[in-house]
Amino acid sequence: MAGTVASVERPRAVAVSGLALLMVAAGVAALAGSWVLPAADLAIWQVRLVGLASLLVVVGLGLWHRMNWARCAAIGMFAYVIYAQLNGRWLQSEVLGLFIDSLRGVHDAGAAPLASLGDGLPPASASAAGLGLALCVALGWFITHLLSAPVRAEFLPPVAAPIKPNKRVKVST
């Protein structure tokens, strides 16, 4: 048919699809968990959790639909988590501290996240440091994978197949 545009189908990277599904699942789980937090004591944590969970869901859906902005956002998010993990042990101190405090029934929004961790729990162990390092390695691998040429090509707009123009024969009289 003249005027029809056929798009060329590209293969999809399984790792990117899996990452997209994982981000959406983690975001939905975090959104569900945000409703369990005691809103009176941890309002700021609930806002942070809802914001982060929403970001995970939106970026995960963008990755699933191969939107280039989502690829760039995922790279930026992962780079920040690596930076925070290596420089401040952010994940262990704030998130894990809040989780353990919630399990123990301590809900003091004014207290530092590590204030109640010191009593009864050992300081950061080698296994926690190993898990942090494993997280950094995994996220670094995803960053390099998202920056690779084949994956970048998946996020480009679809290429239309060339259309042969109609050749009309002019008849001279």
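The model shown is predicted, which means the values in this text are computed figures rather than measured ones. Here the residue numbers are simple positions, counted from 1 along each chain's written sequence. Residues qualify for local features only when their pLDDT is at least 70, as the model is predicted, and side-chain atom pairs are given and counted only at 80 or more; totals for whole chains, interfaces and linings, by contrast, use all residues. Based on all heavy atoms of the structure, the side-chain values leave hydrogens and waters out of the count.

Chemist: Looking at this structure, I do not really get the overall build of the protein chain. What am I missing?
Modeler: Runs of E in the DSSP output that reach at least two residues are strands. Runs of H or I that reach at least four are helices, and both are numbered from the N terminus. Looking only at helices and strands, one finds 6 helices and 0 strands in the protein chain. Listed by position from the N terminus, the elements making up the protein chain come as α-α-α-α-α-α. Counting every position in the protein chain, which comprises 173 residues, the buried fraction comes to 28%. Residue contacts follow a heavy-atom distance rule, with two residues in contact if any of their heavy atoms lie within 4.5 Å. Counting only contacts in the protein chain whose residues sit at least 6 apart along the sequence, the fraction spanning at least 24 positions is 71%. Note on areas: Shrake-Rupley, 1.4 Å probe, and residue coverage restricted to the protein chains presented here. Accessible surface computed for the protein chain: about 11,400 Å², of which carbon and sulfur atoms make up 71%. For the exposure calls, accessible area comes from a 1.4 Å probe over protein chains only, and a residue counts as buried if that area is under 20% of its type's maximum, exposed if over 50%, partly exposed in between.

Chemist: Got a minute to help me understand helix H2 (residues 43-64) in this structure?
Modeler: One turn of the α-helix equals 3.6 residues, which is why residues spaced by three or four share an orientation. Expected helix span is given by 1.5 Å per residue-to-residue step, counting one fewer step than there are residues. Taking 1.5 Å of rise per residue, the 22 residues of H2 would be expected to cover 32 Å, and the 31 Å separating its terminal C-alpha atoms lies within 8% of that figure. Looking only at H2, the buried set comprises Trp45, Gln46, Ala53, Leu56, Val57, Val59, Gly60, Gly62 and Leu63.

Chemist: Hey, could you run me through the side chain of arginine 71 in this one?
Modeler: Residue position: arginine 71 is located in helix H3 (residues 68-88). For the charge count, each Lys or Arg is scored as positive and each Asp or Glu as negative, with His and the chain ends excluded. Salt bridges are defined by distance alone: a side-chain nitrogen of Lys or Arg within 4 Å of a carboxyl oxygen of Asp or Glu. Salt bridges are absent for the buried arginine 71, whose nearest opposite-charge side chain, glutamate 154, sits at 9.4 Å.

Chemist: Hey, could you run me through the packing of helix H1 (residues 14-34) against H2 in this one?
Modeler: Helix-helix packing is characterised by the crossing angle of the two axes and by the distance between the axes. Put simply, H1 and H2 touch, their axes get as near as 7 Å, and they point 155 degrees apart. The orientation of H1 relative to H2 falls into the category roughly antiparallel. Where H1 crosses over H2, the two elements pack in a sense that is left-handed. Here the contact of H1 with H2 is built from residues that sort into 19 nonpolar, 7 polar and no charged. Note on definitions: angles span 0 to 180 degrees between N-to-C directions of axes, and those axes are lines fitted to C-alpha atoms, for helices only across the stretch in contact. Here roughly perpendicular refers to angles of 65 to 115 degrees, roughly parallel to angles under 35, roughly antiparallel to angles over 145, and oblique to all remaining angles. Left-handed is the label given to a crossing in which the near helix is rotated counterclockwise from the far helix by less than a right angle, and right-handed is the label when the rotation is clockwise. Following the grouping adopted for this structure description, the nonpolar residues are Ala, Val, Leu, Ile, Met, Phe, Trp, Tyr, Cys and Pro, the charged ones are Asp, Glu, Lys and Arg, and the polar ones are all others, Gly among them.

Chemist: Before we go on, may I ask you to explain the packing of aromatic side chains in this structure?
Modeler: The description of two aromatic rings rests on the distance between their centres and on the angle between their planes. Aromatic pairing here means that ring centres of Phe, Tyr or Trp (its six-membered ring) are within 6.5 Å. Orientation follows from the plane angle: under 30 degrees is stacked, over 60 is edge-to-face, and everything else is tilted. Counted by the stated rule, this structure contains 3 aromatic pairs. Connected via pairs of aromatic rings, a cluster forms that spans Phe78, Trp141 and Phe142. By definition, being over a ring means that NZ of Lys or CZ of Arg is both within 6 Å of the ring centre and within 35 degrees of the ring normal. The aromatic ring of tryptophan 64 is capped on one face by arginine 12, whose charged end is 5.1 Å from the ring centroid.

Chemist: So what exactly am I meant to see when it comes to the nonpolar core here?
Modeler: The nonpolar side chains of a soluble globular protein tend to be buried, and buried together. What makes a nonpolar core is a set of buried Ala, Val, Leu, Ile, Met, Phe, Trp, Tyr and Cys residues whose side-chain atoms join them at distances within 4.5 Å. Grouped together as the largest cluster of nonpolar side chains are 21 residues, with contacts concentrated most on Val16, Leu19, Met23, Val59, Leu63, Phe78 and Leu146. In terms of residue count, H3 provides more of this core than any other element does, 6 residues in total. Not counting residues within four places of it along the chain, the set of residues in contact with leucine 146 comprises Val16, Leu19, Arg71, Ala74, Ile75, Phe78, Val151 and Arg152.

Chemist: Can you walk me through a nonpolar patch on the surface in this structure?
Modeler: Two joining distances apply to patches: 9 Å for like charges and 5 Å for nonpolar side chains (Val, Leu, Ile, Met, Phe, Trp, Tyr), and every residue must have over 30% relative accessible area and no salt bridge. Nonpolar side chains collect at one region of the surface, where Val58, Met67 and Trp69 lie side by side and expose about 300 Å² of accessible area between them. Looking at the secondary structure, you find methionine 67 in the loop between H2 and H3.

Chemist: Honestly, the pattern of salt bridges in this entry has me stumped. Any pointers?
Modeler: Between side chains of opposite charge, pairing is possible as soon as their charged atoms come close. The full count for this structure, using the stated rule, is 1 salt bridge. Among the ionic pairs, glutamate 154 bridges to arginine 66, the shortest N-O distance being 2.7 Å. Of this pair, glutamate 154 sits in helix H6 (residues 149-154) while arginine 66 is found in the loop between H2 and H3, placing the two residues 88 residues apart along the sequence. The exposure classification of glutamate 154 matches that of arginine 66, with both residues buried.

Purely geometric stuff here, so don't read any function into it on its own.
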